[in-house]
Amino acid sequence: MQTILVTGHAGFIGSNLVKRLFKEMKEGTIVGIDNLNDYYDPSLKEYRLQELEKAKPAGINYISIKGSIADRELINKLFQEYQPQIVVNLAAQAGVRYSIENPDVYIESNIIGFYNILEACRHNPVQHLVYASSSSVYGGNKKVPFSTDDRVDNPVSLYAATKKSNELMAHCYSKLYNIPSTGLRFFTVYGPAGRPDMAYFGFTNKLLKGQTIQIYNYGNCRRDFTYVDDIVEGITRVMAKAPAKQTGEDGLPIPPYKVYNIGGGQPENLLDFVQILQEELLRAGVLPKDYDFEAHKQLVPMQPGDVPTTYADATALERDFGFTPRITLREGLRHFAEWYKEYYG
């Protein structure tokens, strides 16, 4: 009977992953932990947890814990009690701009929290540690598309620096303690019940209130949007196939360590993205048919910590797992707009 630990299970990606595991697993235990912080509206996190309770199948033992991965005692107790074979670490303080104003929470969650997870995996051996990295690690890389072979030594935000640190820490623990680990660099994840601080969600909230939306870099940014179901598909495939343990010529472990991009591989211009979002919000009836979008748009300069382009080279994911993200931006934003209409009424 398999036990899977998902940290950040009340989060956007975490809750969708648990929902997917409910469908795929016939038996076993899923342990979720989340601190339910107020970085954005906690009622959205509560809603996701309620949806999980509704979706839980009969054969699965599902344990939901409120707590922080930065609480070492709690994490150690959790690992000792449940002995997870697979750990998916999605708990992290997200957001580029927020990291400029609130650096402390990034160090606490993304550095100390991740260190606690690594230590727990060291003392309670696991089959596979899968953890969230981010396309932010590429910083201001000029070469596109971004490949995992590129150097990523120039982060432009503390958030990006913490994610790069996670990859380095995981490599170190893989080498020293032979812990199979895979890092996943996610590219601009979106979808229903997503994070309100993301552009598509924040824009919708503002337009509904009649406020002006700001489009950065005068609309000349490009983002590799990836629908949440594609992200979850990638995670589940990766979870099932840990990097092989091997011994080098020196008799020491060759680190069982991998990093992959999960991105759509089709960067969209922000102005095109806003146009599609508008059309889908009208279609779903979120906004009235005669809404004057032009009066509510403002083109503004680049923001600190932001990058002009994100663009994933996901060929390694396709090569090793036979998967590449498939859901188009229009299809994904349609699902979001329909959910938004239903949730907010």
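For the structure itself, consult the block above.
Here is what the cut-offs are and how they apply
Residues numbered from 1 in each chain as written. Predicted model: local features only at pLDDT ≥ 70, side-chain atom pairs only at ≥ 80, totals over all residues. Heavy atoms only, no water. Helix = DSSP H or I, 4+ residues; strand = E, 2+ residues; numbered from the N terminus. Expected span 1.5 Å × (residues − 1). Buried < 20%, exposed > 50% of the residue type's maximum accessible area, 1.4 Å probe, protein only. Axes fitted to C-alpha atoms, helices over the stretch in contact; angles between N-to-C directions. Parallel < 35°, antiparallel > 145°, perpendicular 65-115°, else oblique. Left-handed = near helix turned anticlockwise from the far one by under 90°. Contact = heavy atoms within 4.5 Å. Nonpolar A, V, L, I, M, F, W, Y, C, P; charged D, E, K, R; others polar. Patch = residues over 30% accessible without salt bridge, like charges linked within 9 Å, V, L, I, M, F, W, Y side chains within 5 Å. Areas by Shrake-Rupley, 256 points an atom, 1.4 Å probe, with all protein chains shown as cover. Salt bridge = Lys/Arg side-chain N within 4 Å of Asp/Glu carboxyl O. Pairing = 2+ DSSP bridges.

Since the α-helix advances by 3.6 residues per turn, residues separated by three or four positions end up pointing in the same direction. In a regular helix each residue adds 1.5 Å, so 12 residues correspond to 16 Å; helix α8 (residues 228-239) covers 16 Å between its end C-alpha atoms and thus fits that length. Along α8, 10 of the 12 residues are buried, which leaves the element largely enclosed by surrounding structure. Looking only at α8, the buried set comprises Val228, Asp230, Ile231, Val232, Glu233, Gly234, Ile235, Thr236, Val238 and Met239.

The contact between helix α7 (residues 199-208) and helix α11 (residues 329-344) brings their axes to 12 Å, and the two run at 50°. The angle between the axes of α7 and α11 places the two elements in the oblique class. Between α7 and α11 lies a crossing of right-handed hand. For the pair α7 and α11, contact is made by Tyr200, Phe201, Thr204, Asn205 and Leu208 and by Leu333, Phe336, Trp339, Tyr340 and Tyr344, respectively. Tallied by class, residues from the contact of α7 with α11 come to 8 nonpolar, 2 polar and no charged.

Let us look at a nonpolar patch on the surface. Together, Tyr218, Leu271 and Leu299 make up an exposed nonpolar region whose accessible area comes to about 290 Å². Relative to the assigned elements, Leu271 resides in helix α9 (residues 270-283). Using a relative accessible area of 39% as the deciding quantity, one classes Leu271 as partly exposed.

To continue, consider the sheet that holds strand β2 (residues 28-34). Taken together, the 7 strands give an open sheet; going across it, the order is β3-β2-β1-β4-β5-β6-β13, and neighbouring strands pair in parallel fashion. The open sheet has two free edges, formed respectively by β3 (60-66) and β13 (257-262), since each of these has just one partner strand. Recorded for the sheet is a direction-independent mean angle of 15° between the axes of neighbouring strands. Sheet analysis places strand β5 (residues 128-134) next to strand β6 (residues 181-186), joined by 6 bridges and oriented parallel. Paired with Ser134 across the strands is Phe186, a residue of β6. Sheet strands touched by helix α1 (residues 12-24): β1 (3-7), β2, β3, β4 (86-89) and β6. Its angle to β1, the strand with the most contacts, is close to 160°. Where helix α5 (residues 103-123) meets the sheet, it contacts β1, β4 and β5, and its direction lies at approximately 165° from that of β5.

The subject of this paragraph is the pattern of salt bridges. The final tally for this structure, using the stated rule, is 18 salt bridges. Residues Glu280 and Arg334 are paired through a salt bridge, measuring 2.8 Å at the closest nitrogen-oxygen approach. In this pair, Glu280 is assigned in helix α9 and Arg334 in helix α11, connecting sequence segments 54 residues apart. What makes Glu280 buried here is its relative accessible area of 2%. The class of Arg334 is partly exposed, set by a relative accessible area of 29%. The partner of Lys297 in a salt bridge is Glu294, and the shortest N-O contact between them spans 3.1 Å. Residue Lys297 is classed as partly exposed on the basis of its relative accessible area of 24%.

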